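# Per-entry structural report
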Amino acid sequence: MAARRRAGTASLIVAGLTVALAGCAGAGGGSSDGGAAAGGDASGDSAGGGGEVSVIMVNNPQMEDLQTLTEENFTAETGITVNFTVLPENDVRDSIATDFSAQAGQYDVATISNYEVPFFSSNGWLANLDSYVEEDAEFDQGDILEPIADGLRGEDGSLYAQPFYGESSFLMYRADVFEEAGLVMPENPTWDEVAALAEQADGVRPGMDGICLRGQSGWGQVFAPLTTVVNTFGGTWFDENFDAQVNSPEFVEATQFYVDLVTAHGEPGAANAGFTECLNAMTQGGVAMWYDATSAAGSLEADGSPVQGLMGYAPAPVKETDSSGWLYSWAWGVQESSTNKDAAWEFISWASSQEYEELVAEELGWARVPAGKRASTYENPEYQEAAAAFYEQTQQAITSADPLDPGVQPRPAPGIQFVAIPEFAGMATEVSLGVSAAIAGQTTVQEALDNGQQLAQEAGEANKE
Amino acid sequence: MSPTEATPVHAPDLTPRQRTTYEQPQGAAARSRREARRRRLPLLPAMVLVVVATQLPFLVTIIVSFMDWNALRPDQRGFAGLDNYVSVFTNASTRSAVWTTIVLTVVVVGVSLVLGTLIALLLDRKFLGRGAVRTMMIAPFLVVPVAAALLWKHALLNPSFGLFNGVLTWVWSLFGSSSPPQVAWLQEYPLLAVEMSLIWQWTPFMMLIVLAGLQSKPLDVVEAARMDGAGALQIFRYLTFPHLRRYLELGGLLGSIYIVQNFDAVFIMTAGALGTANLPYTIYATFFQRQDYGLASAQGVVVVIGTIIIATFALRVVSSLFDEENAR
């Protein structure tokens with residue numbers, strides 16, 4: 001009863017703010033309404049079938065493939081109708097956080113990540129999946145890569161989500177350009193070596209810059225790669241006791257290095273460049289190197305890509321640590337207040353299975369398989385052949401990432417390119433505005449991080465016991 | 001002076017019967033009030049609905065603005081007193097958002113008014129293909145705001161393949177130079193870039209309003225002035241411009257209302273980075289990124305109150321739009 005009243009109040013507030021925002025939230029709201037309406041229709045059609053599941057997910061290509069394959073395979077087999085709501089990344093996070101925090105139960109399953117799992121689970125918003133995993137022998141939990149599975153456990157050690165695909169980060173470079181210019185990529189590059197290579201590669205071909213690094217504001221944009229640089233330079237967002245370390249010498253040095261590198265040898269307009277802009281620059285021959293997500297390799301090596309077969313891949317550059325790749329997974333979480341938990345698990349069990357990966361390979365080709373979560377994928381000879389250029393590096397990057405100990409000092413909360421506390425998204429986004437401004441030359445790194453220290457300290461205080 | 005006192009003075013020779021006739025309007029007034037109430041009665045549910053739909057959410061927003069409510073920390077919800085309002089006024093990013101909103105609104109409305117007036121003056125003349133030119137001039141206003149922002153961000157301002165830098169390259173190549181300046185517009189002039197895209201969208205709107213004003217201008221007065229020997233500049237200064245004043249004010253008012261609320265351009269082109277975050281974007285970030293319902297509500301309430309104060313001031317004191325009504 002209390003939960004329902006809370007949900008009512010929350011939706012009233014959402015309505016109120018929508019008015020105040022004069023339609024800012026229009027797009028998101030409209031789409032979820034559409035999803036709900038579709039759900040209503042579908043339940044009429046499938047009366048007497050195997051039930052139904054409402055799924056909200058991000059509009060990444062892997063999810064869109066899933067959407068097209070679901071009806072003919074999953075629904076045909078189990079009789080369970082799946083109603084999808086698909087939104088862009090930022091909007092999907094907003095909608096999921098709003099729905100889950102109110103426990104409104106509009107969606108049974110949502111794509112969340114290892115960022116949300118720790119605090120979503122301790123708030124009691126996620127269903128515990130342990131018993132489902134135990135009963136479902138076919139699912140084979142042991143096959144899930146350990147670092148990925150670890151990130152999806154709650155504080156109590158139970159599983160609260162299952163991965164759809166996983167990624168780490170590595171350095172991608174134009175092997176052909178390097179060879180032409182007589183440059184050699186070390187087996188385990190350090191950031192200093194990368195900076196030197198960027199300087200040499202800058203301008204080897206007309207209009208080609210040395211390296212692409214994200215500079216766009218947002219915790220998931222510039223701070224994804226930058227936090228891994230901070231980690232390996234010996235810095236951290238918080239010390240063990242949740243005291244902020246944002247303007248500590250190591251954090252400042254790492255950020256200064258990053259800003260200098262991208263300003264001197266990076267892509268033009270770096271302060272507005274994110275993942276998409278860098279992917280474009282790399283495919284169009286605008287840059288010689290790119291440090292970003294391992295999942296980008298699939299796009300670079302896809303059929304029709306101008307750089308297919310021309311790429312080389314090296315581990316994430318380091319300084320003080322042995323490795324520095326990040327760890328991220330898009331995963332399925334079930335809402336605690338959902339009334340269709342069994343059907344929801346059946347869907348997850350299918351979407352995250354080896355069988356589904358094989359289905360994608362058969363229908364759409366191995367390059368589009370949602371990889372990075374199961375060890376068996378990397379042992380599959382067909383996948384090894386299709387992803388020969390990058391599969392070993394990807395697997396190694398994922399398995400060598402340690403979300404609990406990514407730097408040189410103990411951490412208060414898990415996460416490599418983020419800190420898994422609720423305040424991080426808002427706080428780091430605000431700090432990232434300063435970093436973007438420093439890349440654009442509007443402010444200095446020191447000034448941006450002094451300001452960030454204050455914001456981070458506030459966020460840290462909220463997490464102290 | 002009541003009519004009963006007045007009657008003997010002004011109409012001393014009225015018969016009692018006539019007097020009754022004289023007082024009848026009062027009864028009629030009461031009857032017509034009753035009549036009006038009866039007519040309004042069926043409308044009452046609709047009116048209640050309007051009040052509930054428009055005012056209740058605002059009331060809830062006000063209540064939430066006094067609460068400590070972060071959706072991601074459900075166990076810490078409670079009454080916050082004035083804390084949220086204190087942080088609205090002490091937060092540096094909110095203050096800079098207020099400033100950005102003011103600059104953005106003044107620049108966009110001002111420039112598009114001037115450009116719109118100039119174009120309207122040109123389009124007011126008769127020439128071949130005027131209809132086609134007018135339609136083309138309006139086109140930018142008909143583009144969906146999100147699409148316009150995307151167009152500016154990617155097709156025009158992109159440093160590598162945008163139209164602006166492409167034109168620079170072309171112009172420089174005409175003079176035999178192979179190293180044209182390649183400006184990273186969104187990085188070097190972020191606020192200007194947002195302003196340009198908005199001016200591009202809003203100039204046609206201003207042009208339409210001013211054009212309507214120009215075409216309602218009485219031609220006989222202009223002709224009379226010309227007979228009296230007034231030049232084109234004098235006619236504009238003393239006849240056309242005063243006539244246009246009300247239209248310019250209307251354009252400025254409507255433009256300001258929309259530009260203050262602008263979200264699409266800021267969200268898509270710069271995502272609030274590099275000093276372009278205006279108030280709507282800041283509220284969005286507080287609500288959806290930080291999930292801080294209390295603070296976002298307080299920001300919203302402050303914006304609404306500020307807008308009401310400024311709008312009232314502008315309409316009552318500066319504007320001539322309501323002059324006629326006040327004079328009545």
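Structure first, text after, so check above.
Residues numbered from 1 in each chain as written. Chains lettered and ligands numbered in written order. Predicted model: local features only at pLDDT ≥ 70, side-chain atom pairs only at ≥ 80, totals over all residues. Heavy atoms only, no water.

## A few points about the pairing of strand β5 (residues 169–174) of chain A
All names here are of chain A. This is how it is decided: Buried residues are those whose accessible area, probed at 1.4 Å on protein chains only, stays under 20% of the maximum for their type, while exposed residues exceed 50% and partly exposed ones sit between those limits. The helix count covers DSSP runs of H or I at least four residues long, the strand count covers runs of E at least two residues long, and both are numbered beginning at the N terminus. Whether two strands pair comes down to DSSP finding at least two bridges between them.
Most of β5 sits inside the fold, with six of its six residues counted as buried. By the alternation rule, side chains of β5 split into Ser169, Leu171 and Tyr173 and Phe170, Met172 and Arg174, which are all buried. Relative to strand β7 (residues 287–293), β5 is paired through five bridges, and the arrangement is antiparallel. Paired with Leu171 across the two strands is Tyr291, which belongs to β7.

## Focus on the state of the cysteines
Residues and elements named next belong to chain A. As a reminder of what qualifies: Criterion for a disulfide: a pair of cysteine sulfur atoms at a distance within 2.5 Å.
A complete count under the given rule lists one disulfide over all chains for this structure. Residue pairing for Cys212: its cysteine sulfur links by disulfide to Cys278, the two sulfurs lying 2.2 Å apart. What sets the handedness of the Cys212 and Cys278 disulfide is the S-S torsion sign, and at about -80° it is left-handed. Of this pair, Cys212 sits in strand β6 (residues 209–212) while Cys278 is found in helix α12 (residues 275–283), placing the two residues 66 residues apart along the sequence. In terms of burial, Cys212 and Cys278 fall into one category: buried.

## A short note on the packing of aromatic side chains
Note the following rule: For this analysis, a ring pair means two rings from Phe, Tyr or Trp (six-membered ring only for Trp) whose centres lie within 6.5 Å, classed as stacked if their planes differ by under 30 degrees, edge-to-face if by over 60, and tilted for the remaining angles. By definition here, charges over rings are those cases where NZ of Lys or CZ of Arg is within 6 Å of the ring centre and within 35 degrees of the ring normal.
A complete count under the given rule lists 56 aromatic pairs over all chains for this structure. Between A:Phe74 and A:Phe347 the ring centres are 5.6 Å apart and the planes differ by 75°, which places this aromatic pair in the edge-to-face class. Here A:Phe74 is found in helix α3 (residues 61–78), whereas its partner A:Phe347 is found in helix α14 (residues 341–351), with 273 residues between them in sequence. The exposure classification of A:Phe74 matches that of A:Phe347, with both residues buried. Between A:Trp219 and A:Phe418, the aromatic rings sit 6.4 Å apart at their centres with planes inclined by 85°, giving edge-to-face as the arrangement. You can see A:Trp219 sitting in the loop between β6 and α10 (223–232) and its partner A:Phe418 sitting in the loop between α18 (391–400) and α19 (424–439), a full 199 residues away along the chain. Given the relative accessible area of 2%, A:Phe418 is considered buried. Three or more aromatic residues joined by ring pairs form one cluster here, namely A:Phe100, A:Tyr115, A:Phe119, A:Phe120, A:Trp125, A:Trp219, A:Phe223, A:Trp237, A:Phe251, A:Phe418 and A:Phe424. Over the aromatic face of A:Phe139 sits the side chain of A:Arg374, whose NZ or CZ is 5.0 Å from the ring centroid. Taking the ring centre of B:Tyr238 as reference, the NZ or CZ of B:Arg237 above it sits at 4.9 Å.

## Remarks on the interface of chain A and chain B
How we decide: By definition, residues are in contact when any of their heavy atoms lie within 4.5 Å. Throughout, the accessible surface (probe 1.4 Å) given up by two parts as they are put together, summed over both, is called the buried area. Basic side-chain nitrogens of Lys or Arg form a salt bridge, by our definition, when they fall within 4 Å of a carboxyl oxygen of Asp or Glu. The residue classification treats Ala, Val, Leu, Ile, Met, Phe, Trp, Tyr, Cys and Pro as nonpolar and Asp, Glu, Lys and Arg as charged. All others, Gly included, are polar.
Contact residues are listed per partner, giving 41 residues for chain A and 41 residues for chain B. Taking both partners together, chain A and chain B bury about 3400 Å²; carbon and sulfur atoms supply 63% of that area. Where chain A packs against chain B, one counts two salt bridges. With eight residues, α19(A) is the single largest residue contributor to the side of chain A that touches chain B. Tallied by class, residues from the side of chain A that touches chain B come to 23 nonpolar, 13 polar and five charged.

## Observations concerning the side chain of A:Thr321
Summarising the element assignment, A:Thr321 is placed in the loop between β8 (311–315) and β9 (328–334). What A:Thr321 contacts, discounting residues up to four positions off in sequence, is A:Asn231, A:Thr232, A:Pro406, A:Gly407 and A:Val408.

## Regarding unusual backbone geometry
You will see that A:Gln103, though not glycine, has its phi angle at about 50°, which is positive. Counting through the fold element by element, A:Gln103 comes out in the loop between α4 (89–101) and β3 (109–113). The phi angle at B:Ala271 is positive, at roughly 50°, despite the residue not being glycine. In this structure, B:Ala271 sits in the loop between α13 (264–269) and α14 (279–289). Owing to a relative accessible area of 22%, B:Ala271 belongs among the partly exposed residues under this scheme.

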